[in-house]
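One letter stands for each residue in the lines below.
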Amino acid sequence: MSSKIYVGNLPYSVTDASLKSNFAEFGGVSSAKVMMDRDTGRSKGFGFVEMASAEVAQAAISALHGMSVDGRSIVVTLARPREAKADSNGYSAGGYTAAKRSDVGYGTGGFGGGRY
């Protein structure tokens, strides 16, 4: 069992230090990180806490899930492993070449696609 915890629906006022102190009462906290938007520098409203052991993590999840923090009911669960991210723009790493095209009879393209 993992000891990494996902904490969601956090108020924007929560910092790394306050997140760590909330979880420290259940046992040793290895790390606590509130995810920040890189453009605005503002909290994204969720973070991750890594506890010293799986038993301590489970105790913290049981106690804190649904707790109200600044009027928001926080979500506390075990963190899932990050999923492999597919290329979102639809292009392959190999690029686009004329050899892949069935409508081109010769050449490697150029202006006009090598059709004429």
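All values derive from a computational prediction rather than experimental measurement.

About the thresholds
- Sequence positions are assigned chain by chain, starting from 1 and proceeding in written order.
- Given that this is a predicted model, residues contribute local features only at a pLDDT of at least 70 and side-chain atom pairs are listed and counted only at 80 or more, while totals for whole chains, interfaces and linings are drawn from all residues.
- Where side-chain values are given, they derive from all heavy atoms of the structure, hydrogens and water being excluded.
- Salt bridge, as used here, is a side-chain nitrogen of Lys or Arg placed within 4 Å of a carboxyl oxygen of Asp or Glu.
- Helical segments are the DSSP runs of H or I of at least four residues, strand segments are the runs of E of at least two, and each set is numbered from the N terminus.
- Each residue is assigned to one of three classes by its accessible area relative to the maximum for its type, calculated with a 1.4 Å probe on protein chains only: buried under 20%, partly exposed between the two thresholds, exposed over 50%.
- By the convention used here, residues are in contact when the closest approach between their heavy atoms is within 4.5 Å.
- By convention, a stacked pair of Phe, Tyr or Trp rings (six-membered ring in the case of Trp) has centres within 6.5 Å and planes under 30 degrees apart, an edge-to-face pair has planes over 60 apart, and any other such pair is tilted.
- Distance and angle both matter: a charge sits over a ring if NZ of Lys or CZ of Arg is within 6 Å of the ring centre and within 35 degrees of the ring normal.
- The pairing criterion for strands is at least two bridges between them, as found by DSSP.

A.B. asks: Run through the pattern of salt bridges, naming residues and quoting values.
C.D. replies: Applying the stated criterion across every chain yields a total of 1 salt bridge. When the shortest N-O distance is used, the salt bridge between Asp-16 and Lys-33 registers 3.9 Å. Taken together, the positions of Asp-16 in helix H1 (residues 16-24) and Lys-33 in strand S2 (residues 29-36) put the pair 17 residues apart, joining distant regions of the chain. For Asp-16, a relative accessible area of 30% gives the class partly exposed.

A.B. asks: Give a description of the side chain of Ser-3 that names residues and reports values.
C.D. replies: Structurally, Ser-3 can be placed in the segment before strand S1 (4-8). When its relative accessible area of 16% is taken as the criterion, Ser-3 is described as buried. Not counting residues within four places of it along the chain, the set of residues in contact with Ser-3 comprises Val-49, Glu-50, Met-51, Ser-53, Ala-54 and Ala-57.

A.B. asks: Kindly report on the packing of aromatic side chains, identifying the contributing residues and their values.
C.D. replies: All chains considered together, the criterion is met by 3 aromatic pairs. Aromatic side chains Tyr-6 and Phe-46 sit 6.0 Å apart centroid to centroid with 35° between the ring planes, which places their arrangement in the tilted category. Of the two residues, Tyr-6 sits in strand S1 while Phe-46 sits in strand S3 (residues 43-51), which places them 40 residues apart along the sequence. On the basis of relative accessibility, which here comes to 28%, the residue Tyr-6 falls in the partly exposed class. The exposure class of Phe-46 is partly exposed, given its relative accessible area of 25%. Over the face of the ring belonging to Tyr-12 we find Arg-72, whose NZ or CZ atom lies 5.7 Å from the ring centre.

A.B. asks: Which residues make up the pairing of S2, and what values do they have?
C.D. replies: Here 6 bridges tie S2 to S3, and the two strands are oriented antiparallel to one another. Its bridge partner being in S3, Met-36 is matched across the sheet by Ser-43. Turn length for the S2-S3 hairpin, with the two strands adjacent in sequence and antiparallel, is 6 residues, and the turn residue Gly-41 shows positive phi of about 80°.

Purely geometric stuff here, so don't read any function into it on its own.
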